[in-house]
2 protein chains.
Amino acid sequence: MPVENPPAQPGMRLEDVDTPALLVDLDAYEWNIDQMAKEAANSGMRLRPHAKTHKCAVIALDQISHGAVGVCCQKVSEAEALVNAGVRDIFVTNEVVGLHKITRLASLAKRATMAVCVDNQNNLEELSKVVASLDVHLGVCVEVDVGGARCGVQDAESVLALAQRIQSLGNLEFKGLQAYQGRAQHVRTHAERKAAIHQSADTVRRTLDLLSGKGLSCEVVSGAGTGTYRFEAASSVYNEIQPGSYIFMDADYGRNLTETGTEFTDFRQSLFVYTQVMSMARKNYAVVDAGLKAIAFDSGMPVPLDLPGVQYGRPSDEHGVLDLTEAQVTLSLGSKIKLIPGHCDPTVNLYDWYVAVRGDRVEALWPIVARGAVS
Amino acid sequence: MPVENPPAQPGMRLEDVDTPALLVDLDAYEWNIDQMAKEAANSGMRLRPHAKTHKCAVIALDQISHGAVGVCCQKVSEAEALVNAGVRDIFVTNEVVGLHKITRLASLAKRATMAVCVDNQNNLEELSKVVASLDVHLGVCVEVDVGGARCGVQDAESVLALAQRIQSLGNLEFKGLQAYQGRAQHVRTHAERKAAIHQSADTVRRTLDLLSGKGLSCEVVSGAGTGTYRFEAASSVYNEIQPGSYIFMDADYGRNLTETGTEFTDFRQSLFVYTQVMSMARKNYAVVDAGLKAIAFDSGMPVPLDLPGVQYGRPSDEHGVLDLTEAQVTLSLGSKIKLIPGHCDPTVNLYDWYVAVRGDRVEALWPIVARGAVS
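In this convention, every chain numbers its residues from 1, walking through the sequence in written order. Chain letters start at A and ligand numbers start at 1, both assigned in the order the entries are written. With the structure being a predicted model, the display of local features is reserved for residues of pLDDT at least 70 and the display and counting of side-chain atom pairs for 80 or more, all residues being used for whole-chain, interface and lining totals.

## What about the nonpolar core?
Point 1. Nonpolar cores are identified as sets of buried Ala, Val, Leu, Ile, Met, Phe, Trp, Tyr and Cys residues joined via C-beta atoms within 7 Å. To sort residues by burial, count the other C-beta atoms lying within 10 Å of each one's C-beta; a count of 20 or more means buried, 12 or fewer means exposed, and anything in between means partly exposed. C-beta atoms are built from the backbone. If you look at the biggest cluster of nonpolar residues, it comprises 254 residues, and the most contacted ones within it are A:Leu82, A:Val92, A:Val355, B:Leu82, B:Val92 and B:Val355.
Point 2. Residues are treated as contacting if the C-beta atoms built from their backbones sit within 7 Å of each other. Once residues within four sequence positions are removed from consideration, B:Val355 is found in contact with B:Pro7, B:Ala8, B:Val17, B:Ala21, B:Leu22, B:Leu23, B:Val362 and B:Leu365.

Pasting the structure below:
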């Protein structure tokens, strides 16, 4: 709904943008897009970035124009928003359950190349019926639980049974495996992340062996996120990576460590919540106008950018408190600052617009067309 | 932005509503509206419910038609959305800082009775200039820190100085005090909440005494939330209460205790996130389609309604996991269930529509016009 007009205009100075606002630093964002495109090309992986992070057609089309084969979505409503905005190849890396949602998914296949995951026989039969009734074609991957302990079948024999059934059904095409290890993405040490993906790859390898023994080949073996994509790329079993957060990064990914124990700097922080000091009535504290409705807190507090000694804490619905006790900078009423969100995806889901800035100027306003698209 | 059409239609059966969706149980909601109206009337308090909870003009107008004198907002953009939808009396219970935001606030005073809070002299001077230049009238309350340790001036002398300055400025009217104790709302025991508000009321009383000694009277002494409103009403210093959550309630308010240690049942749970089982690949676990983008988790996990022994846990962006180890009910793929959110306000902020249901039928779709209105 048109709650608010765009919160800024191209050409404005950043300092004139009202707060809170969601900023994308274009230099960092473009560096990230290029960097991941190179990483994928160098490792021979297809790149299919996850659009659940950005929910934005402008960004999806940027990614595709830089070599991505399409994007992933997690929800049918996300895919609807992106197809309506011109994205033409979407893999829904999730199970889609129930007649209504399946019908919406299948309808998208009239205008875009669509694929979906299954981990259940009854769901597969319902998918098949709807797809046949609409006379569309749908790619299907079997989701394998490679350690995430969430969705996905638990053993290779069940994958085989589903894959064989998909092959026997008209209008559905067996594409391969969805094998994403979500839990491994934010494990801090390089060695632990590597070990987790090593284990995932073993599971995938055993599954592929069983399938190929029965004459079934997988065109797609997809997985990987921003925290682990190099391990999947090196595994020799995956052929498609689906990272999302790399375009933005967040404070939580910033806490991941490299092999030598240094900070994870494959990508640059490009996403910020712009906020403003709106009360300084207490000594050593400043209240800012971004709280639980402007930042996601599931992965910890946001981190103030370039404000040494300043800590954000005590979020309430519309406020946060900056502790200035050890501050090495001076803030005053109206001071505008950038916060690095703890977790990018659910923070993005709070906003209708990205304010895309280059240096200290607004360059573009990008609508977050799939904001709130949770169904 | 028109991300999604309304997620349901009046007359539909609830079980046909696609998930996730935000439900309002109309019987419980109407009971809550009536109940708070009676409580306010019986205690002689003006009722000015906080619209930051619901962000919905339909609900604001319902509250006003049941005797509320107007509503509170926390953000100028919330107030803009509600004024545009016909609400004509709004108290912004927050400081509004910066020329741009102040201009937006003052512009609303052309069409509605508006009031705002101050806790800073410079901010007050800027307010005065803008209001004069637009030739509008604005009510101003001084915010007093009564224990929230967030915004609000710290001592009675500072309140007096601001109040006297307001009185000296054209176009601004000194209305009184904003004295909300946010921290006390979710303190669990009745005795502790009572003690906290007793202390707040003492601070207010000392302030009122100082002001009245200088010939200043307060038409408005406003505060109170769903967790404490009876204490403010009994204090003899407050004359306006501004509870928000009572219309919906949430799991966290549900953990507050009454004087006798029993569950807090002044109001009924009317807000639910409707979700669906979309994967059951693991023994004893069911995955539902509502995670960090569909429910707020700052006040703990959502609680499944009427599913004894079932626990919601491990939220990720788009999923939650139901632990069925001790379940006394059977769930299957596609089962739709209701979750009581941990915290109502930021959960509402994730949705564009309320699906208002009576029994097992959809009765209305209410747009959440101030969803995402954080500026």
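The structure having been displayed, the exposition proceeds.
## So, the interface of chain A and chain B
Point 1. Listed by partner, the interface residues are 65 residues for chain A and 65 residues for chain B.
Point 2. If you list the elements that add at least two residues to the side of chain A that touches chain B, you get α3 (76–84), β4 (89–95), α4 (99–108), α5 (121–134), β10 (271–279) and α9 (344–348) of chain A.
Point 3. In DSSP terms, a helix is any run of H or I states spanning at least four residues, a strand is any run of E spanning at least two, and both are numbered starting from the N terminus. Considering every element that reaches the side of chain A that touches chain B, the biggest residue donor is β10(A), with three residues.
Point 4. Any residue that is not Ala, Val, Leu, Ile, Met, Phe, Trp, Tyr, Cys, Pro, Asp, Glu, Lys or Arg is counted as polar, Gly included; the first ten are nonpolar and the last four charged. Each residue belonging to the side of chain A that touches chain B can be placed in one class, and the counts come to 28 nonpolar, 20 polar and 17 charged.

## What to know about the pairing of strand β5 (residues 113–118) of chain B
The side chains of a regular strand alternate between the sheet's two faces.
All names here are of chain B.
Point 1. Across the six residues that make up β5, a large majority, five, are buried.
Point 2. Here the rule is simple: two strands pair whenever DSSP picks up at least two bridges between them. Of the pairings in the sheet, the one linking strand β4 (residues 89–95) to β5 comprises five bridges and is parallel in character. Its bridge partner being in β5, Glu95 is matched across the sheet by Cys117.
Point 3. When the strands point away from the viewer and the path from the first strand over the helix to the second turns clockwise, the crossover is right-handed. Where the polypeptide runs from β4 across helix α4 (residues 99–108) and back to β5, its parallel neighbour, the crossover connection is right-handed.
Point 4. Relative to strand β6 (residues 138–143), β5 runs parallel, the two sharing four bridges. Bridging from a neighbouring strand, Val116 pairs with Val140 of β6.

## Focus on helix α2 (residues 57–65) of chain A
All names here are of chain A.
Point 1. If you check which residues of α2 are buried, you get Ala57, Ile59, Ala60 and Gln63. All buried residues of α2 fall inside an arc of 160° around its axis, so they share one side.
Point 2. Among the structural elements, α1 (26–43), β3 (71–73) and α3 are those in contact with the buried residues of α2.
Point 3. A positive backbone phi angle near 105° is found at Gly67, which sits one or two residues after α2. In this description, one arc is meant: the one made by directions from the helix axis to the C-beta atoms.

## Side note on the domain arrangement of chain A
Reports often express the size of an interface as the amount of accessible area lost when the parts come together.
Residue and element names in this part refer to chain A.
Point 1. According to the domain assignment, chain A consists of domain 1 (14–22 + 265–367) and domain 2 (25–255).
Point 2. The start and end points of each domain follow an automatic or database-based domain assignment. For domain 1 and domain 2, the distance between their C-alpha centres works out to 32 Å.
Point 3. Taken residue by residue, the interface counts 25 residues in domain 1 and 23 residues in domain 2.
Point 4. Going through the elements one at a time, β10, α9, β16 (353–358) and β17 (361–367) are the ones with two or more residues in the side of domain 1 that touches domain 2.
Point 5. A breakdown of the residues in the side of domain 1 that touches domain 2 according to their chemical character gives 13 nonpolar, seven polar and five charged.

## Thoughts on helix α3 (residues 76–84) of chain B
Point 1. The buried fraction of α3(B) amounts to eight of the nine residues, a majority that puts the element mostly inside the structure.
Point 2. Immediately downstream of α3(B), the backbone of B:Gly86 shows phi near 105°, a positive value.

## Topic: unusual backbone geometry
A negative phi angle characterises most non-glycine residues, just as the trans form characterises most peptide bonds.
Residues and elements named next belong to chain A.
Point 1. Along the chain, Thr19 connects to Pro20 via a cis peptide bond; the corresponding omega equals -10°.
Point 2. Tracing the backbone shows Pro20 in the segment before β1 (21–25).
Point 3. Here the phi dihedral of Ala224 falls at roughly 80°; this positive angle occurs in a residue that is not glycine.
Point 4. For Ala224, a count of 28 C-beta atoms within 10 Å gives the class buried.

## A closer look at the sheet that holds strand β2 (residues 46–47) of chain A
Point 1. With parallel pairing, eight strands are arranged side by side in an open sheet as β2-β9-β8-β7-β6-β5-β4-β3 (chain A). Each having just a single partner strand, β2 and β3 of chain A make up the two edges of the open sheet.

## Topic: the relation of the copies chain A and chain B
Point 1. For the least-squares superposition of copies, only C-alpha atoms count, and only for residues with pLDDT at least 70 in both. Note on the identical chains: chain A maps onto chain B by a rotation of 180° and an axial translation of 0.0 Å, with an RMSD of 0.0 Å. The symmetry that links the two subunits is that of a two-fold axis.
Point 2. A symmetric contact is evident, with 100% of the interface residues of chain A recurring at the interface of chain B.

## Side note on the sheet that holds strand β2 (residues 46–47) of chain B
Residues and elements named next belong to chain B.
Point 1. As summarised here, the arrangement of the eight strands in space is β2-β9-β8-β7-β6-β5-β4-β3, forming an open sheet in which the pairing is parallel. The open sheet has two free edges, formed respectively by β2 and β3 (71–73), since each of these has just one partner strand.
Point 2. Here strand β7 (residues 172–178) runs beside strand β8 (residues 220–223); their pairing, made up of three bridges, is parallel. The partner of Leu177 across the bridge, within β8, is Val221.
Point 3. Strands in contact with α3 are β3 and β4; relative to β4, the strand with the most contacts, it is inclined by about 170°. Interaxial angle, 0 to 180 degrees, is taken between N-to-C directions of lines fitted to C-alpha atoms, where a helix line uses only the stretch in contact.

## Overview of the packing of α4(A) against α5(A)
Residues and elements named next belong to chain A.
Point 1. The interhelical angle for the contact between α4 and α5, taken along N-to-C directions, is 45°, at an axis separation of 9 Å. In terms of their interaxial angle, α4 and α5 are classed as oblique. α5 is crossed by α4, and the crossing has right-handed handedness. Where α4 abuts α5, its residues Leu99, Ile102, Thr103, Ala106 and Ser107 lie against Glu126, Leu127, Val130, Val131 and Leu134.
Point 2. In terms of residue class, the contact of α4 with α5 is made up of seven nonpolar, two polar and one charged. Throughout, the term roughly parallel applies to angles under 35 degrees, roughly antiparallel to angles over 145, roughly perpendicular to angles from 65 to 115, and oblique to all others. By convention, the crossing between two helices is left-handed when the near helix turns anticlockwise from the far helix through less than a right angle, and right-handed when the turn is clockwise.

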